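A closer look at the structure
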Amino acid sequence: MKPRALVTGGAGFLGSHLCDALLADGYSVVAVDNLLTGRMSNIEHLRREGNFEFLHIDINRPFECGPVNYVFHFASPASPVDYMVHGIDTLKVGSLGTMHALEFAHKHRAKFLFASTSECYGDPLEHPQKETYWGNVNTIGPRSVYDEAKRFSEALTMAYHRYRGVDTRIVRIFNTYGPRMQLNDGRIIPNFMKQALRGEDLTVYGDGKQTRSFCYVNDEIDGFLKLSKSEEHFPVNIGNPDEFTVLECAKRVIAVTSSKSNIRYEKLPQDDPRQRRPDISKARKLLGWEPKIALNAGLEMSLDYFREAVAAEMPLKA
Ligand code: UDP
(Lines give C-alpha, C1' and ligand atoms only; values in the text may rest on other atoms or scores of the structure.)
Protein backbone atom coordinates (compact mmCIF):
# COMPACT_ATOMS: atom_id res chain seq x y z
CA MET A 1 0.00 0.00 0.00
CA LYS A 2 1.12 3.52 -0.76
CA PRO A 3 2.02 5.74 2.19
CA ARG A 4 -0.62 8.44 2.71
CA ALA A 5 0.23 12.09 3.34
CA LEU A 6 -1.91 14.99 4.54
CA VAL A 7 -1.05 18.46 3.22
CA THR A 8 -2.71 21.32 5.10
CA GLY A 9 -2.96 24.36 2.85
CA GLY A 10 -2.90 21.93 -0.05
CA ALA A 11 -4.61 24.39 -2.42
CA GLY A 12 -2.00 27.09 -1.79
CA PHE A 13 1.07 27.99 -3.82
CA LEU A 14 3.59 25.78 -2.00
CA GLY A 15 1.00 23.26 -0.76
CA SER A 16 -0.20 22.44 -4.26
CA HIS A 17 3.33 22.02 -5.61
CA LEU A 18 4.06 19.79 -2.64
CA CYS A 19 1.00 17.64 -3.46
CA ASP A 20 2.38 17.17 -7.00
CA ALA A 21 5.79 16.18 -5.67
CA LEU A 22 4.39 13.75 -3.08
CA LEU A 23 2.20 12.06 -5.71
CA ALA A 24 5.26 11.72 -7.97
CA ASP A 25 7.16 10.29 -5.00
CA GLY A 26 4.60 7.48 -4.57
CA TYR A 27 2.31 8.88 -1.86
CA SER A 28 -1.42 9.03 -1.92
CA VAL A 29 -2.31 12.56 -0.87
CA VAL A 30 -5.17 14.21 0.97
CA ALA A 31 -5.12 17.99 0.71
CA VAL A 32 -7.14 20.13 3.10
CA ASP A 33 -7.70 23.87 2.78
CA ASN A 34 -10.27 26.41 3.96
CA LEU A 35 -9.66 28.36 0.70
CA LEU A 36 -9.05 31.65 2.50
CA THR A 37 -6.02 32.32 0.29
CA GLY A 38 -5.70 28.92 -1.42
CA ARG A 39 -7.40 28.36 -4.78
CA MET A 40 -9.02 25.31 -6.34
CA SER A 41 -7.38 26.24 -9.67
CA ASN A 42 -4.01 25.26 -8.13
CA ILE A 43 -5.15 21.64 -7.82
CA GLU A 44 -7.55 21.51 -10.76
CA HIS A 45 -5.09 19.31 -12.70
CA LEU A 46 -5.29 16.67 -9.90
CA ARG A 47 -9.05 16.27 -10.10
CA ARG A 48 -8.90 12.96 -11.92
CA GLU A 49 -5.84 11.68 -10.06
CA GLY A 50 -6.95 8.52 -8.21
CA ASN A 51 -4.39 8.94 -5.43
CA PHE A 52 -5.45 12.49 -4.62
CA GLU A 53 -8.38 13.85 -2.67
CA PHE A 54 -9.31 17.34 -1.57
CA LEU A 55 -11.31 18.17 1.55
CA HIS A 56 -12.65 21.65 2.25
CA ILE A 57 -11.75 21.71 5.94
CA ASP A 58 -10.88 24.48 8.39
CA ILE A 59 -8.10 23.14 10.62
CA ASN A 60 -8.73 25.87 13.18
CA ARG A 61 -11.22 23.34 14.54
CA PRO A 62 -10.27 19.75 15.41
CA PHE A 63 -10.51 17.64 12.26
CA GLU A 64 -10.27 14.04 11.10
CA CYS A 65 -9.51 12.66 7.65
CA GLY A 66 -8.40 9.08 8.27
CA PRO A 67 -5.01 7.52 8.98
CA VAL A 68 -1.92 9.04 7.40
CA ASN A 69 1.81 8.41 7.59
CA TYR A 70 2.88 12.02 7.17
CA VAL A 71 1.43 15.45 7.95
CA PHE A 72 2.83 18.43 6.04
CA HIS A 73 1.50 21.55 7.75
CA PHE A 74 1.50 24.33 5.16
CA ALA A 75 -1.77 26.15 5.88
CA SER A 76 -1.37 29.92 6.40
CA PRO A 77 -1.78 33.16 4.52
CA ALA A 78 1.81 33.84 3.44
CA SER A 79 2.20 37.12 1.59
CA PRO A 80 2.53 40.31 3.67
CA VAL A 81 -0.55 41.78 1.95
CA ASP A 82 -2.62 38.64 2.66
CA TYR A 83 -1.56 38.17 6.25
CA MET A 84 -2.10 41.81 7.09
CA VAL A 85 -5.64 41.66 5.66
CA HIS A 86 -6.27 38.33 7.44
CA GLY A 87 -4.33 39.07 10.63
CA ILE A 88 -6.50 37.17 13.09
CA ASP A 89 -6.95 34.19 10.78
CA THR A 90 -3.18 34.09 10.38
CA LEU A 91 -2.71 34.01 14.16
CA LYS A 92 -5.40 31.33 14.44
CA VAL A 93 -3.96 28.96 11.86
CA GLY A 94 -0.48 29.44 13.30
CA SER A 95 -1.70 28.48 16.78
CA LEU A 96 -5.00 26.54 16.82
CA GLY A 97 -4.40 25.15 13.32
CA THR A 98 -0.90 23.98 14.20
CA MET A 99 -2.12 22.41 17.42
CA HIS A 100 -4.89 20.49 15.64
CA ALA A 101 -2.46 19.35 12.94
CA LEU A 102 -0.04 18.13 15.64
CA GLU A 103 -2.85 16.40 17.56
CA PHE A 104 -3.87 14.69 14.34
CA ALA A 105 -0.27 13.56 13.67
CA HIS A 106 0.04 12.32 17.26
CA LYS A 107 -3.21 10.35 17.03
CA HIS A 108 -2.16 8.59 13.82
CA ARG A 109 1.53 8.26 14.80
CA ALA A 110 2.34 10.20 11.64
CA LYS A 111 5.53 12.11 10.96
CA PHE A 112 5.11 15.86 10.89
CA LEU A 113 6.76 18.65 8.92
CA PHE A 114 6.04 22.28 9.73
CA ALA A 115 6.41 25.02 7.12
CA SER A 116 8.10 27.80 9.03
CA THR A 117 9.68 30.94 7.66
CA SER A 118 12.67 33.24 7.44
CA GLU A 119 10.35 35.78 9.10
CA CYS A 120 11.34 34.06 12.36
CA TYR A 121 14.56 36.06 11.95
CA GLY A 122 12.57 39.32 11.61
CA ASP A 123 14.75 42.26 10.51
CA PRO A 124 17.93 40.24 11.07
CA LEU A 125 20.97 41.69 12.78
CA GLU A 126 22.99 38.61 11.79
CA HIS A 127 23.73 38.13 8.09
CA PRO A 128 23.38 35.66 6.43
CA GLN A 129 20.92 33.93 8.75
CA LYS A 130 21.90 30.64 10.34
CA GLU A 131 19.35 28.39 12.07
CA THR A 132 21.00 29.20 15.41
CA TYR A 133 20.10 32.92 15.14
CA TRP A 134 17.14 33.82 17.37
CA GLY A 135 15.95 36.76 15.34
CA ASN A 136 14.93 40.37 15.71
CA VAL A 137 11.14 40.47 15.58
CA ASN A 138 8.75 43.29 16.50
CA THR A 139 6.15 41.42 18.57
CA ILE A 140 3.48 44.11 18.09
CA GLY A 141 4.18 45.45 14.59
CA PRO A 142 2.04 44.82 11.48
CA ARG A 143 4.06 41.72 10.52
CA SER A 144 3.76 40.22 14.00
CA VAL A 145 0.54 38.37 13.11
CA TYR A 146 2.59 36.18 10.79
CA ASP A 147 5.99 36.19 12.48
CA GLU A 148 4.74 35.38 15.96
CA ALA A 149 2.27 32.77 14.71
CA LYS A 150 5.11 30.98 12.95
CA ARG A 151 7.43 31.31 15.96
CA PHE A 152 4.70 29.98 18.25
CA SER A 153 4.12 27.10 15.83
CA GLU A 154 7.83 26.25 15.96
CA ALA A 155 7.62 26.17 19.77
CA LEU A 156 4.49 24.01 19.62
CA THR A 157 6.12 21.63 17.15
CA MET A 158 9.16 21.22 19.41
CA ALA A 159 6.86 20.74 22.43
CA TYR A 160 4.90 17.96 20.71
CA HIS A 161 8.23 16.39 19.82
CA ARG A 162 9.62 16.67 23.36
CA TYR A 163 6.51 15.94 25.44
CA ARG A 164 4.44 13.70 23.15
CA GLY A 165 7.15 12.03 21.08
CA VAL A 166 5.83 13.22 17.70
CA ASP A 167 8.45 12.73 14.96
CA THR A 168 8.69 16.36 13.81
CA ARG A 169 10.65 18.50 11.37
CA ILE A 170 10.75 22.28 10.84
CA VAL A 171 11.68 23.95 7.56
CA ARG A 172 12.42 27.69 7.49
CA ILE A 173 11.32 28.82 4.06
CA PHE A 174 12.88 31.87 2.41
CA ASN A 175 11.36 33.88 -0.45
CA THR A 176 10.08 31.43 -3.04
CA TYR A 177 8.50 32.16 -6.43
CA GLY A 178 7.12 30.42 -9.48
CA PRO A 179 3.90 29.38 -11.22
CA ARG A 180 0.64 29.41 -9.18
CA MET A 181 1.56 32.49 -7.14
CA GLN A 182 -1.45 34.75 -7.00
CA LEU A 183 -1.00 37.70 -9.32
CA ASN A 184 -2.44 40.04 -6.68
CA ASP A 185 -0.93 38.69 -3.49
CA GLY A 186 1.32 41.75 -3.33
CA ARG A 187 4.63 39.92 -3.24
CA ILE A 188 7.58 41.25 -5.14
CA ILE A 189 7.79 38.75 -8.02
CA PRO A 190 4.06 38.62 -8.93
CA ASN A 191 3.81 42.41 -8.56
CA PHE A 192 6.83 43.10 -10.76
CA MET A 193 5.84 40.45 -13.33
CA LYS A 194 2.31 41.85 -13.58
CA GLN A 195 3.52 45.43 -13.85
CA ALA A 196 6.24 44.58 -16.40
CA LEU A 197 3.88 42.54 -18.59
CA ARG A 198 1.27 45.32 -18.55
CA GLY A 199 3.86 48.00 -19.30
CA GLU A 200 3.13 49.75 -15.98
CA ASP A 201 5.76 51.21 -13.64
CA LEU A 202 7.39 48.71 -11.30
CA THR A 203 6.73 49.82 -7.72
CA VAL A 204 9.99 49.63 -5.77
CA TYR A 205 9.40 50.26 -2.07
CA GLY A 206 11.86 52.50 -0.20
CA ASP A 207 15.20 53.02 -1.95
CA GLY A 208 15.18 49.44 -3.30
CA LYS A 209 18.45 48.66 -1.51
CA GLN A 210 16.85 46.12 0.83
CA THR A 211 17.76 42.57 -0.15
CA ARG A 212 16.02 39.23 -0.62
CA SER A 213 17.21 35.83 -1.85
CA PHE A 214 14.80 34.13 -4.23
CA CYS A 215 14.34 30.39 -4.62
CA TYR A 216 12.52 28.79 -7.56
CA VAL A 217 9.62 26.66 -6.34
CA ASN A 218 10.92 23.31 -7.71
CA ASP A 219 14.19 23.69 -5.81
CA GLU A 220 12.30 24.60 -2.65
CA ILE A 221 9.96 21.59 -2.86
CA ASP A 222 12.92 19.29 -3.48
CA GLY A 223 14.39 20.58 -0.20
CA PHE A 224 11.12 19.85 1.66
CA LEU A 225 11.08 16.24 0.44
CA LYS A 226 14.70 15.71 1.41
CA LEU A 227 14.10 17.16 4.87
CA SER A 228 10.97 15.02 5.28
CA LYS A 229 13.16 11.94 4.85
CA SER A 230 15.84 13.08 7.30
CA GLU A 231 15.89 12.56 11.05
CA GLU A 232 16.54 16.23 11.91
CA HIS A 233 14.13 17.77 14.42
CA PHE A 234 15.62 21.25 14.65
CA PRO A 235 14.89 23.92 12.03
CA VAL A 236 16.59 23.78 8.64
CA ASN A 237 16.82 26.76 6.26
CA ILE A 238 15.70 25.96 2.74
CA GLY A 239 16.22 28.85 0.33
CA ASN A 240 18.49 30.18 -2.36
CA PRO A 241 21.50 32.07 -0.98
CA ASP A 242 21.89 34.27 -4.10
CA GLU A 243 21.05 37.69 -2.71
CA PHE A 244 19.65 40.61 -4.73
CA THR A 245 18.57 44.13 -3.95
CA VAL A 246 14.91 44.78 -4.69
CA LEU A 247 16.01 47.27 -7.34
CA GLU A 248 18.16 44.63 -9.06
CA CYS A 249 15.22 42.24 -8.97
CA ALA A 250 13.06 44.87 -10.71
CA LYS A 251 15.70 45.25 -13.42
CA ARG A 252 15.91 41.48 -13.91
CA VAL A 253 12.13 41.22 -14.32
CA ILE A 254 12.13 44.08 -16.84
CA ALA A 255 14.89 42.34 -18.82
CA VAL A 256 13.29 38.86 -18.75
CA THR A 257 9.91 40.22 -19.87
CA SER A 258 11.50 42.55 -22.47
CA SER A 259 9.33 45.27 -20.98
CA LYS A 260 9.53 49.03 -21.52
CA SER A 261 8.31 49.70 -17.98
CA ASN A 262 10.00 52.24 -15.74
CA ILE A 263 10.64 52.11 -12.01
CA ARG A 264 8.58 54.14 -9.55
CA TYR A 265 9.64 54.50 -5.92
CA GLU A 266 6.99 54.13 -3.22
CA LYS A 267 6.95 54.21 0.57
CA LEU A 268 8.69 51.37 2.39
CA PRO A 269 6.22 49.31 4.48
CA GLN A 270 6.78 49.34 8.27
CA ASP A 271 9.28 46.75 9.60
CA ASP A 272 10.25 45.62 6.09
CA PRO A 273 13.42 43.55 6.71
CA ARG A 274 16.50 45.31 5.31
CA GLN A 275 18.33 42.16 4.37
CA ARG A 276 17.63 38.47 4.08
CA ARG A 277 19.80 35.61 2.93
CA PRO A 278 19.82 32.03 4.14
CA ASP A 279 22.96 30.30 5.31
CA ILE A 280 22.27 26.85 3.85
CA SER A 281 25.35 25.01 5.11
CA LYS A 282 23.14 22.86 7.34
CA ALA A 283 20.89 21.77 4.44
CA ARG A 284 23.94 21.15 2.24
CA LYS A 285 25.60 18.96 4.85
CA LEU A 286 22.57 17.22 6.29
CA LEU A 287 20.45 16.73 3.16
CA GLY A 288 22.92 17.12 0.31
CA TRP A 289 20.52 19.81 -0.92
CA GLU A 290 21.20 23.06 -2.68
CA PRO A 291 19.19 25.06 -5.21
CA LYS A 292 20.01 24.60 -8.87
CA ILE A 293 17.93 27.27 -10.60
CA ALA A 294 19.33 30.80 -10.79
CA LEU A 295 17.02 33.84 -10.66
CA ASN A 296 17.03 34.59 -14.40
CA ALA A 297 16.30 30.97 -15.32
CA GLY A 298 13.51 30.75 -12.72
CA LEU A 299 11.94 34.00 -13.93
CA GLU A 300 12.00 32.67 -17.48
CA MET A 301 10.41 29.41 -16.33
CA SER A 302 7.66 31.42 -14.62
CA LEU A 303 6.97 33.71 -17.55
CA ASP A 304 4.29 31.66 -19.34
CA TYR A 305 2.30 31.33 -16.13
CA PHE A 306 2.40 35.06 -15.39
CA ARG A 307 1.58 35.95 -19.02
CA GLU A 308 -1.52 33.74 -18.86
CA ALA A 309 -2.51 35.10 -15.45
CA VAL A 310 -2.21 38.68 -16.70
CA ALA A 311 -4.19 37.85 -19.86
CA ALA A 312 -6.93 36.18 -17.80
CA GLU A 313 -7.27 39.33 -15.70
CA MET A 314 -7.44 41.85 -18.55
CA PRO A 315 -10.93 43.27 -18.95
CA LEU A 316 -12.48 42.24 -22.27
CA LYS A 317 -12.44 45.07 -24.80
CA ALA A 318 -15.94 46.20 -25.83
N1 UDP B 1 8.55 45.03 -2.68
C2 UDP B 1 8.67 46.10 -3.55
N3 UDP B 1 7.66 46.32 -4.44
C4 UDP B 1 6.56 45.53 -4.53
C5 UDP B 1 6.45 44.41 -3.65
C6 UDP B 1 7.46 44.20 -2.73
O7 UDP B 1 9.66 46.86 -3.52
O8 UDP B 1 5.70 45.80 -5.40
C9 UDP B 1 9.64 44.78 -1.72
C10 UDP B 1 9.21 44.70 -0.26
O11 UDP B 1 9.20 46.00 0.32
C12 UDP B 1 10.29 43.81 0.32
C13 UDP B 1 10.62 42.86 -0.82
O14 UDP B 1 10.16 43.49 -1.99
O15 UDP B 1 11.43 44.56 0.67
C16 UDP B 1 9.98 41.48 -0.70
O17 UDP B 1 8.62 41.67 -0.43
P18 UDP B 1 7.56 40.50 -0.43
O19 UDP B 1 6.22 41.13 -0.17
O20 UDP B 1 7.68 39.68 -1.66
O21 UDP B 1 7.93 39.54 0.79
P22 UDP B 1 8.80 39.66 2.14
O23 UDP B 1 10.14 39.14 1.78
O24 UDP B 1 8.86 41.11 2.58
O25 UDP B 1 8.07 38.81 3.10
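Below or above, wherever it landed, is the structure these notes cover.

What counts and what doesn't
- Residues numbered from 1 in each chain as written.
- Predicted model: local features only at pLDDT ≥ 70, side-chain atom pairs only at ≥ 80, totals over all residues.
- Heavy atoms only, no water.
- Helix = DSSP H or I, 4+ residues; strand = E, 2+ residues; numbered from the N terminus.
- Rg over C-alpha atoms; globule rule 2.2 N^0.38 Å.
- Buried < 20%, exposed > 50% of the residue type's maximum accessible area, 1.4 Å probe, protein only.
- Contact = heavy atoms within 4.5 Å.
- Areas by Shrake-Rupley, 256 points an atom, 1.4 Å probe, with all protein chains shown as cover.
- Phe/Tyr/Trp six-rings, centres within 6.5 Å; stacked < 30°, edge-to-face > 60°.
- Pairing = 2+ DSSP bridges.
- Axes fitted to C-alpha atoms, helices over the stretch in contact; angles between N-to-C directions.
- Near = heavy atom within 4 Å.
- Polar contact = N/O pair within 3.5 Å; in protein donor to acceptor, adjacent residues only side chain to side chain.
- Right-handed = clockwise from strand over helix to strand, strands pointing away.
- Salt bridge = Lys/Arg side-chain N within 4 Å of Asp/Glu carboxyl O.
- Parallel < 35°, antiparallel > 145°, perpendicular 65-115°, else oblique.
- Left-handed = near helix turned anticlockwise from the far one by under 90°.
- Nonpolar A, V, L, I, M, F, W, Y, C, P; charged D, E, K, R; others polar.

1. Observations concerning the overall build of the protein chain
Helix and strand counts for the protein chain come out as nine helices and 13 strands. Taking 20 Å as the expected radius of gyration for a compact globule of 318 residues, we find that the protein chain reaches 19 Å, a close match to that expectation. Its C-alpha atoms give the protein chain principal-axis dimensions of about 55 × 50 × 40 Å. Across the 318 residues of the protein chain, 57% fall into the buried class. Here the contacts in the protein chain between residues at least 6 apart in sequence split such that 80% fall between residues at least 24 apart. Only carbon and sulfur atoms are counted for the fraction: they give 53% of the accessible area of the protein chain, which is about 14400 Å².

2. Brief notes about the packing of aromatic side chains
The tally for this structure, following the rule as stated, stands at nine aromatic pairs. Arranged with centres 5.6 Å apart and planes meeting at 70°, the rings of tyrosine 177 and tyrosine 216 form a pair that is edge-to-face. Of the two residues, tyrosine 177 is situated in strand β7 (residues 176-177) and tyrosine 216 in strand β10 (residues 215-216); the sequence distance between them amounts to 39 residues. Through successive ring pairs, a cluster of aromatic residues spans Tyr121, Tyr133 and Phe174.

3. Digging into the sheet that holds strand β3 (residues 52-56)
Pairing is parallel in the open sheet, where seven strands are placed in the order β3-β2-β1-β4-β5-β6-β11. Edge strands, defined here as strands with exactly one partner in the open sheet, are β3 and β11 (236-238). If you compare each strand with its neighbour and ignore which way they point, the axes differ by 20° on average. Bridge count between strand β2 (residues 28-33) and β3: five bridges; the pairing is parallel. Paired with aspartate 33 across the two strands is histidine 56, which belongs to β3. Helix α3 (residues 87-107) rests against β1 (4-8), β4 (70-73), β5 (111-117) and β6 (168-173) of the sheet, and its axis sits at about 175° to β4. Packed on one face of the sheet, helix α4 (residues 144-164) meets β5 and β6 and runs near 155° to β5.

4. Considerations on the site of the ligand
Taken together, 18 residues lie near the ligand, and Thr203, Tyr205, Arg212, Asp272 and Arg276 sit nearest. A distance of 2.9 Å is found between an oxygen atom of the ligand and a side-chain nitrogen or oxygen belonging to asparagine 191. Arginine 212 places a polar side-chain atom, nitrogen or oxygen, 2.6 Å from an oxygen atom of the ligand. About the coverage of the ligand: the protein hides 95% of its 520 Å² of free accessible area.

5. Remarks on the pairing of β5
Burial runs high along β5: six of the seven residues are buried. Summarising the sheet, β4 and β5 pair through four bridges and their orientation is parallel. Across the sheet, the residue bridging to valine 71 is phenylalanine 112, located in β5. Pairing of β5 with β6 involves six bridges; the strand directions are parallel. By the bridge assignment for β6, phenylalanine 112 is matched with threonine 168. Taken together, β5, α4 and β6 constitute a β-α-β crossover, and its handedness is right-handed.

6. Considering unusual backbone geometry
Note the cis peptide between histidine 127 and proline 128, where omega equals -10°. Among the secondary structure elements, proline 128 is positioned in the loop between β5 and α4. With phi around 65°, aspartate 271 is a residue other than glycine that occupies positive phi space.

7. Overview of the pattern of salt bridges
When their charged atoms lie close together, side chains carrying opposite charge are able to pair. Tallying each qualifying case throughout the model produces 22 salt bridges. Residues lysine 107 and glutamate 64 are paired through a salt bridge, measuring 2.5 Å at the closest nitrogen-oxygen approach. In this pair, lysine 107 is assigned in helix α3 and glutamate 64 in the loop between β3 and β4, connecting sequence segments 43 residues apart. On the accessibility criterion, lysine 107 (57% relative accessible area) is exposed.

8. Structural notes on the packing of α3 against α4
At a minimum axis distance of 8 Å, the contact between α3 and α4 shows a crossing angle of 15°. Between α3 and α4, the crossing angle belongs to the class labelled roughly parallel. Pair α3 / α4 crosses with right-handed handedness. Where α3 approaches α4, its residues Gly87, Thr90, Leu91, Gly94, Ser95, Thr98, Met99, Leu102, Glu103 and His106 are matched on the opposing element by Val145, Tyr146, Ala149, Phe152, Ser153, Leu156, Thr157, Tyr160 and Arg164. For the contact of α3 with α4, a count of residues per class yields nine nonpolar, eight polar and two charged.

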